[in-house]
Amino acid sequence: METQKQIIQRLVEKDQNSLNELYDTYIHHLSRLLTNSGTDPNDHEQIITHLFHTIWSSPSILSKEKHLSIAITKLCLTLSKSPFTTVSSARG
């Protein structure tokens, strides 16, 4: 299994497979997290999409925590509280 540092390095190098692997590894966790947080289910897909766009454009954001799972969880919770979710659901 790759270390967090190796995964982040692959993301920095724009290795699409590394992003796909992160998605496959964490999608169920993120879905449960958003469901349990009380976030509007209509916003879940957009939050998760935004999360992975953020990781792709700024992989170093994952370096802020000791464990990748914690970094992704915190980022997801932060995004779930962002105002863009209510704005997007009003449009959609």
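Only a predicted model underlies this, so the values are computations on that prediction, with no experimental measurement involved.

### Structural notes on unusual backbone geometry
Then comes step 1: Look at lysine 14: it is not a glycine, yet its phi comes out positive at around 60°.
Then comes step 2: Mapped onto the fold, lysine 14 is located in the loop between α1 (4-12) and α2 (16-36).

### Here we look at α2
Then comes step 1: Between the first and last C-alpha of α2 there are 29 Å, a value that for 21 residues agrees with the 30 Å anticipated at 1.5 Å per step.
Then comes step 2: The largest bend in α2 comes to about 50°, at tyrosine 26.
Then comes step 3: Those residues of α2 lying buried are Ser18, Leu19, Leu22, Tyr26, Ile27, Leu30, Leu33 and Leu34.
Then comes step 4: As for α2, its buried residues are in contact with α1, α3 (44-57) and α4 (68-80).
Then comes step 5: Positive backbone phi, at 85°, marks glycine 38, one or two positions downstream of α2.

Conventions we followed
Numbers given for residues are sequential positions, taken from 1 along each chain in its written order. Local features are withheld for residues below a pLDDT of 70 in this predicted model, meaning they are given only at 70 or higher, and side-chain atom pairs are given and counted only at 80 or more; totals for whole chains, interfaces and linings count all residues. For the side-chain quantities, the full set of heavy atoms in the structure was used; hydrogens and water were omitted. Only DSSP runs of H or I with at least four residues qualify as helices, and only runs of E with at least two residues qualify as strands; both kinds are numbered from the N terminus onward. What a helix should span is 1.5 Å times the count of its residues minus one. By definition, a residue's bend is the angle between the axes fitted to the seven residues ending there and the seven starting there. The buried label applies to any residue whose accessible area, calculated with a 1.4 Å probe on protein chains only, is under 20% of its type's maximum; exposed applies above 50%, and partly exposed to all values in between. Two residues form a contact once any of their heavy atoms are found within 4.5 Å.

In short, shape yes, function no, at least from these values alone.
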